[in-house]
Amino acid sequence: MKTLRDAKVGETVQVVRLHGEGAVKRRIMDMGITRGVEVYVRKLAPLGDPIEVTVRDYELSLRKSDAEMIEVE
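All of the points below concern the structure found in this document.

What counts, and at which threshold
- The residue count restarts for each chain, going from 1 along the sequence in the order it is written.
- Thresholds applied to this predicted model are a pLDDT of at least 70 for local features of residues and 80 or more for the giving and counting of side-chain atom pairs; totals over whole chains, interfaces and linings are not thresholded and use all residues.
- Excluded from the side-chain calculation are hydrogens and water; included are all heavy atoms of the structure.
- What counts as a helix is a DSSP run of H or I of at least four residues, what counts as a strand is a run of E of at least two, and both are numbered from the N terminus.
- Classification of residues uses two cut-offs on accessible area relative to the type maximum, computed with a 1.4 Å probe and protein chains only: under 20% is buried, over 50% is exposed, and between them is partly exposed.
- To define a nonpolar core, start from buried Ala, Val, Leu, Ile, Met, Phe, Trp, Tyr and Cys residues and group those joined through side-chain atoms within 4.5 Å.
- It only takes one pair of heavy atoms within 4.5 Å for two residues to be counted as in contact.
- Here, a strand pair is defined by DSSP locating no fewer than two bridges between the strands.
- Salt bridge, as used here: a side-chain nitrogen of Lys or Arg that lies within 4 Å of a carboxyl oxygen of Asp or Glu.

1. Side note on the environment of Pro 50
So, point 1. With respect to the secondary-structure elements, Pro 50 resides in the loop between strand E3 (38–44) and strand E4 (51–55).
So, point 2. A relative accessible area of 34% means that Pro 50 is categorised as partly exposed.
So, point 3. C-alpha of Pro 50 to C-alpha of Leu 60: the two residues are 10 residues apart in sequence and 9.7 Å apart in space.

2. Considerations on the nonpolar core
For soluble globular proteins, the rule of thumb is that nonpolar side chains tend to be buried together.
So, point 1. Counting residues in hydrophobic clusters, the biggest one holds 19 residues, and the most contacted among them are Leu 4, Val 15, Ile 33, Val 39, Val 53, Leu 62 and Ile 70.
So, point 2. Taken together, the elements giving at least two residues each to this core come down to strand E2 (12–18), E3, E4, strand E5 (58–62) and strand E6 (70–72).
So, point 3. Residues within four places of Leu 4 in sequence aside, it is in contact with Val 13, Val 39, Val 41, Ile 51, Val 53, Leu 62, Ala 67, Ile 70 and Val 72.

3. What to know about the pairing of E5
It is a general feature of regular strands that their side chains alternate between the two faces of the sheet.
So, point 1. In this sheet, E5 lies alongside E4 in antiparallel orientation, the contact comprising 5 bridges. Within E5, the position partnered with Val 55 by the bridge is Tyr 58.

4. Quick look at the pattern of salt bridges
So, point 1. Here the structure, examined in full by the defined rule, presents 6 salt bridges.
So, point 2. Its salt-bridge partner being Asp 30, residue Arg 26 comes within 3.1 Å of it at the nearest N-O pair. Within this pair, Arg 26 and its partner Asp 30 are both found in helix H1 (residues 22–30), separated by 4 residues, close to a single helical turn.
So, point 3. Under the relative-accessibility criterion, Arg 26 is labelled partly exposed at 47%.
So, point 4. As a salt-bridge pair, Glu 59 and Arg 42 come within 3.6 Å of each other at their nearest N and O atoms. Taken together, the residues span a long stretch of sequence, with Glu 59 in strand E5 and Arg 42 in strand E3 at a distance of 17 residues.
So, point 5. Through salt bridges with shared partners, one network takes in Arg 42, Glu 52 and Glu 59.

5. Let's talk about the sheet that holds E2
So, point 1. A sheet is described by the order of its strands in space; here 6 strands give the open sequence E1-E6-E2-E3-E4-E5, paired in antiparallel fashion. Only two strands of the sheet have a single partner each, and these edge strands are strand E1 (2–3) and E5.
So, point 2. Relative to E6, E2 runs antiparallel, the two being bridged by 3 bridges. Bridge pairing in E6 places Arg 17 opposite Glu 71.

So, in structure tokens, the structure goes:
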């Protein structure tokens, strides 16, 4: 299983499944990250956290712990 946390800078991946429950999963979905959407990994912060991505034509920063809950292919 590959997660968004494992994706490399410059890579475009597609969301397969969201893990997690309750408010955390709802927050990720409210940011526009849902099954089937493409996510482009723009860059990593100097210490690796957060990850900056482009989703649905807007830029978003995610913590590694949140990115770990997003299964991609």
